[in-house]
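Residue-level listing of the chains:
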Amino acid sequence: MMPASAALVTGASRGIGRACALRLAKEGFAVAVNYRQGASQAEEVVQEIAAAGGTAFALQGDVAAAGEADRLVREVIGKFARIDVLVNNAGITRDTLVLRMSDEEFDQVLATNLAGAFRLVRAALKPMLRQRYGRIVNISSIAGMVGNPGQANYSAAKAGMLGLTRAVAKEVASRNITVNAIAPGLIDTDMSMEIKGRESLVQSIPLGRAGTPEEVAAAVAFLARPEASYITGVTLPVDGGLTAG
Ligand code: NAP
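Residues numbered from 1 in each chain as written. Predicted model: local features only at pLDDT ≥ 70, side-chain atom pairs only at ≥ 80, totals over all residues. Heavy atoms only, no water.

Here's the deal with the site of the ligand
The line we're drawing: Here a residue is considered near a molecule or strand provided that any single heavy atom belonging to it is located within 4 Å of it. In the analysis that follows, any N or O atom pair within 3.5 Å is treated as a polar contact, provided that within protein one partner can donate a hydrogen and the other can accept it, and provided that, for residues neighboring in sequence, both atoms belong to side chains. Calculation of accessible area relied on Shrake-Rupley with a 1.4 Å probe; when residues are assessed, cover is drawn exclusively from the protein chains displayed. Helix and strand definitions here come from DSSP, where helices need a minimum of 4 consecutive H or I residues and strands a minimum of 2 consecutive E residues; each element is numbered from the N-terminal end.
The environment of the ligand is formed by 33 residues, the closest being Gln37, Asp62, Asn89, Tyr154 and Thr189. At 3.0 Å from a nitrogen atom of the ligand is found a main-chain nitrogen or oxygen belonging to Val63. One nitrogen or oxygen atom from the main chain of Ile187 is found 2.9 Å from an oxygen atom belonging to the ligand. Here the ligand, which alone exposes 900 Å², has 97% of that area covered by the protein. Elements with a minimum of two residues in the shell around the ligand: helix H1 (15-26), strand S2 (30-35), helix H5 (152-172) and helix H6 (190-193). When residues of the shell around the ligand are assigned to their parent elements, the largest contribution, three residues, is made by H6.

Written out as structure tokens, the structure is:
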């Protein structure tokens with residue numbers, strides 16, 4: 001039987017992507033669990049969804065590689081016959097001060113975090129336009145709203161995602177497709193364990209703690225629902241008040 005609604009979550013083997021996949025499955029979406037190298041972790045996510053009565057499959061693919069986005073979307077359509085939700089979550093950091101940053105460190109982060117998101121948006125829009133329905137959620141970062149020292153590459157990519165979100169939102173609004181961004185603050189995952197000055201950062205968060213992947217997933221699930229139909233082109237910070245001004 002074909003599922004009623006299908007979602008592709010990139011980078012869903014761990015962290016925020018994993019929580020998004022589990023949450024969307026709980027809300028009734030059949031989920032494609034994309035990963036780059038964590039096959040066993042992605043398989044665990046699929047098993048957890050299946051054990052709860054949901055539908056999912058693991059989908060290997062490096063979002064930074066040209067041509068992969070089209071293949072990933074083709075595979076989702078092949079399995080589920082549609083794609084209603086795309087969550088562009090896969091992301092990496094290569095932190096260092098700008099004077100020491102190599103071309104490679106800059107290019108790798110832009111290729112994964114920004115070009116990867118762009119290609120997936122382009123690939124997913126084709127079936128979404130045919131369906132006249134779609135929900136795209138780009139996982140940016142507060143680093144794309146305010147500068148983070150040591151993250152010139154990451155901040156540039158994440159700010160780029162916000163521009164991508166706004167421009168594409170306007171292009172496809174008339175087709176019943178929404179495109180929004182989430183800007184997580186400090187969220188407890190493998191990625192944020194590496195952040196320098198983590199303790200002092202936590203102290204500057206109005207809610208006084210790091211967030212959980214599930215708290216980001218809740219915001220993603222909201223924007224992914226049909227009822228979020230009048231919200232497009234926005235950036236929703238999920239940051240415990242860090243950018244509240
Ligand atoms: P994470 O724990 O490091 O997990 C990253 C995920 O992305 C993994 O599933 C990884 O898969 C996947 N991935 C990495 N490169 C990939 C590629 N080229 N192709 C496909 N998958 C790839 O990261 P996270 O903290 O959950 O972050 C998720 C997203 O939220 C990122 O975009 C990040 O920038 C953003 N974010 C995180 C925070 C935070 O505090 N954690 C804050 C703001 C924004 P493999 O394990 O298979 O490589």
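Moving on from the coordinates now.
Here we look at the packing of H1 against helix H8 (residues 213-224)
Counted only if it meets this: Structural elements are reduced to axes, namely lines fitted to C-alpha atoms, with helices fitted over the stretch in contact, and the angle between N-to-C directions of any two is expressed from 0 to 180 degrees. Between 65 and 115 degrees an angle is taken as roughly perpendicular, under 35 as roughly parallel, over 145 as roughly antiparallel, and anywhere else as oblique. The hand of a helix crossing depends on one turn: near helix anticlockwise from the far one by less than a right angle means left-handed, and clockwise means right-handed. Contacts are assigned to residue pairs with any non-hydrogen atoms lying within 4.5 Å of each other. Residues are sorted three ways: Asp, Glu, Lys and Arg are charged, Ala, Val, Leu, Ile, Met, Phe, Trp, Tyr, Cys and Pro are nonpolar, and all the rest, Gly among them, are polar.
For the pair H1 and H8, the least separation of the axes is 8 Å and the interaxial angle reads 50°. Classified by the interaxial angle, the pair formed by H1 and H8 is oblique. The element H1 and its partner H8 pack so that their crossing is right-handed. From H1, Gly15, Ile16, Ala19, Cys20, Arg23 and Leu24 reach across to H8, where they touch Pro213, Glu214, Val216, Ala217, Ala218, Val220, Ala221 and Ala224. Its residues assigned to classes, the contact of H1 with H8 comprises eleven nonpolar, one polar and two charged.

Some thoughts on the pattern of salt bridges
Here is the rule we go by: Salt bridge, as used here: a side-chain nitrogen of Lys or Arg that lies within 4 Å of a carboxyl oxygen of Asp or Glu. Accessible area is worked out with a 1.4 Å probe on protein chains only. A residue is then buried under 20% of its type maximum, exposed over 50%, and partly exposed in between.
Taken as a whole, this structure holds ten salt bridges when the rule is applied. The closest approach of N and O atoms between Asp84 and Arg82, which form a salt bridge, is 2.6 Å. A relative accessible area of 26% places Arg82 in the partly exposed class. Here Glu215 ties to Arg209 by a salt bridge, and the two come within 2.8 Å at their closest N and O atoms. Within the structure, one salt-bridge network assembled from shared partners comprises Arg23, Glu27, Arg225 and Glu227.

Focus on the sheet that holds strand S3 (residues 56-60)
Formally: We treat two strands as partners when DSSP finds at least two bridges between them.
Spatial strand order, S3-S2-S1-S4-S5-S6-S7: seven strands in an open sheet with parallel pairing. Pairing within the sheet leaves two strands with one partner each, and these edge strands are S3 and strand S7 (235-238). Ignoring which end each strand starts from, the neighbouring axes of this sheet average 20° apart. In the packing of H1 onto the sheet, contacts are made with strand S1 (6-9), S2, strand S4 (85-88) and strand S6 (177-184), and the angle to S1 comes to roughly 175°. Where helix H3 (residues 68-80) meets the sheet, its contacts fall on S1, S2 and S3, and the angle it forms with S3 comes to roughly 160°.

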